[in-house]
Amino acid sequence: MDKTEKLQNVHTKWTSKCECELKKTATQAVPGFGSASAEIVFIGEAPGKKEDELGRPFVGAAGKFLDEMLAEINLKREDIYITNIVKYRPPNNRDPLPEEKSACRPWLLEELKIISPKLIIFLGRHAMNNFFPELQIGQAHGKMLVKPFKGMATKYFFPLYHPAAALYDGSMREILMADFKKIPKVLREIAKREN
Ligand code: URA
């Protein structure tokens, strides 16, 4: 079975097995989407309205901005994999609750295990705090983190501000774009360390 089929099986399994309470109010699950052999996995927070309607991550305004930033570093959606810590839309886009994050976590970990990317990029504090609860996004953004986690092949992480937070805030937008442009350098640094 190749990685794409394995991922599909993970999504099918967790779509029925996931015990997240948000299932009751969401239209549908929004599993991760993209290349199963991606070098980079982006992790966001939770689906919004558009994502809930279409069943795909980052297809609304934040996703459009993400596509613009990807283009700046010559990447397309097909080159990466993108997912969320919570796979169901919270009502009125409220922050996901700790129990909702925990319910969806095994699904996320299985996605990461199959893809085994070189780098995991957190989009926003919720994604970062899922793995690094002690960090503040204001200090950690734009800096590579190196930490091995049990059962995970990836040990390199790169936190960014969430594109939705930067959409209508000019200065945050500039910071996010500048951090984003560091991604190729981060990948080169990882290659150097791994050789
Ligand atoms: N914001 C997220 O965190 N995830 C999405 O899929 C869309 C918007």
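Residues numbered from 1 in each chain as written. Predicted model: local features only at pLDDT ≥ 70, side-chain atom pairs only at ≥ 80, totals over all residues. Heavy atoms only, no water.

### Observations concerning the site of the ligand
Okay, so step 1: Close contacts around the ligand come from Gly44, Glu45, Ala46, Pro47, Glu51, Pro57, Phe58, Asn84 and His162, and that covers them all.
Okay, so step 2: Asn84 is positioned with one of its side-chain polar atoms (N or O) 2.8 Å from a nitrogen atom of the ligand.
Okay, so step 3: Relative to its unbound accessible area of 240 Å², the ligand is 92% covered by the protein chains. (Near = heavy atom within 4 Å. Polar contact = N/O pair within 3.5 Å; in protein donor to acceptor, adjacent residues only side chain to side chain. Areas by Shrake-Rupley, 256 points an atom, 1.4 Å probe, with all protein chains shown as cover.)

### Some thoughts on the packing of helix α1 (residues 3–17) against helix α4 (residues 98–115)
Okay, so step 1: In the contact formed by α1 and α4, the axes pass within 10 Å of each other and the chain directions differ by 175°. Here α1 lies roughly antiparallel to α4, going by the angle between them. Contacts between α1 and α4 pair Lys3, Lys6, Leu7, Val10, His11, Lys13, Trp14 and Thr15 from the former with Pro106, Trp107, Glu110, Glu111, Ile114 and Ile115 from the latter.
Okay, so step 2: Considering only residue class, the contact of α1 with α4 consists of seven nonpolar, two polar and five charged. (Axes fitted to C-alpha atoms, helices over the stretch in contact; angles between N-to-C directions. Helix = DSSP H or I, 4+ residues; strand = E, 2+ residues; numbered from the N terminus. Parallel < 35°, antiparallel > 145°, perpendicular 65-115°, else oblique. Contact = heavy atoms within 4.5 Å. Nonpolar A, V, L, I, M, F, W, Y, C, P; charged D, E, K, R; others polar.)

### Focus on the sheet that holds strand β6 (residues 156–160)
Okay, so step 1: Across the sheet, six strands lie side by side as β1-β3-β2-β4-β6-β5; this open sheet has mixed pairing. One side of each edge strand has no neighbouring strand; the edge strands of this open sheet are β1 (33–34) and β5 (145–146).
Okay, so step 2: Two strands pair when backbone bridges link them, and strand β2 (residues 40–44) and strand β4 (residues 119–123) are joined in this way by four bridges, in the parallel orientation. The residue bridging Ile43 from the neighbouring strand is Phe122, located in β4. (Pairing = 2+ DSSP bridges.)

### With respect to the pattern of salt bridges
It is possible for side chains bearing opposite charge to pair when their charged atoms get close.
Okay, so step 1: What the rule picks out here adds up to 14 salt bridges.
Okay, so step 2: Salt-bridge contacts for Arg125 lead to Asp95; the nearest nitrogen and oxygen are separated by 3.4 Å. In this pair, Arg125 sits in helix α5 (residues 125–131) while Asp95 sits in the loop between β3 (81–84) and α4, placing the two residues 30 residues apart along the sequence.
Okay, so step 3: According to the relative accessible area criterion, Arg125 is partly exposed, its value standing at 42%.
Okay, so step 4: Members of the salt-bridge network, linked through shared partners, are Glu189, Lys192 and Arg193. (Salt bridge = Lys/Arg side-chain N within 4 Å of Asp/Glu carboxyl O. Buried < 20%, exposed > 50% of the residue type's maximum accessible area, 1.4 Å probe, protein only.)

### Regarding the packing of helix α3 (residues 61–72) against helix α8 (residues 170–180)
Okay, so step 1: It is at 9 Å that the axes of α3 and α8 come closest, and there the two elements cross at 40°. Taken together, the axes of α3 and α8 are oblique relative to one another. Handedness of the α3/α8 crossing: right-handed. Each of Phe65, Leu66, Glu68, Met69, Leu70 and Glu72 in α3 lies in contact with α8, whose residues at this interface are Arg173, Leu176, Met177 and Phe180. (Left-handed = near helix turned anticlockwise from the far one by under 90°.)

### Remarks on α8
Okay, so step 1: Every buried residue belonging to α8 is among Leu176, Met177, Asp179 and Phe180, and all of these are buried. Each buried residue of α8 lies within a common arc of 160° when the element is viewed along its axis, so the set occupies one face. Opposite the packed face of α8, turned more than 90 degrees from it, sit the exposed residues Ser171 and Glu174.
Okay, so step 2: Tucked into the core, α8 has its buried residues touching β2, α3, β6, α7 (163–167) and α9 (183–194). (Arc of directions from axis to C-beta.)

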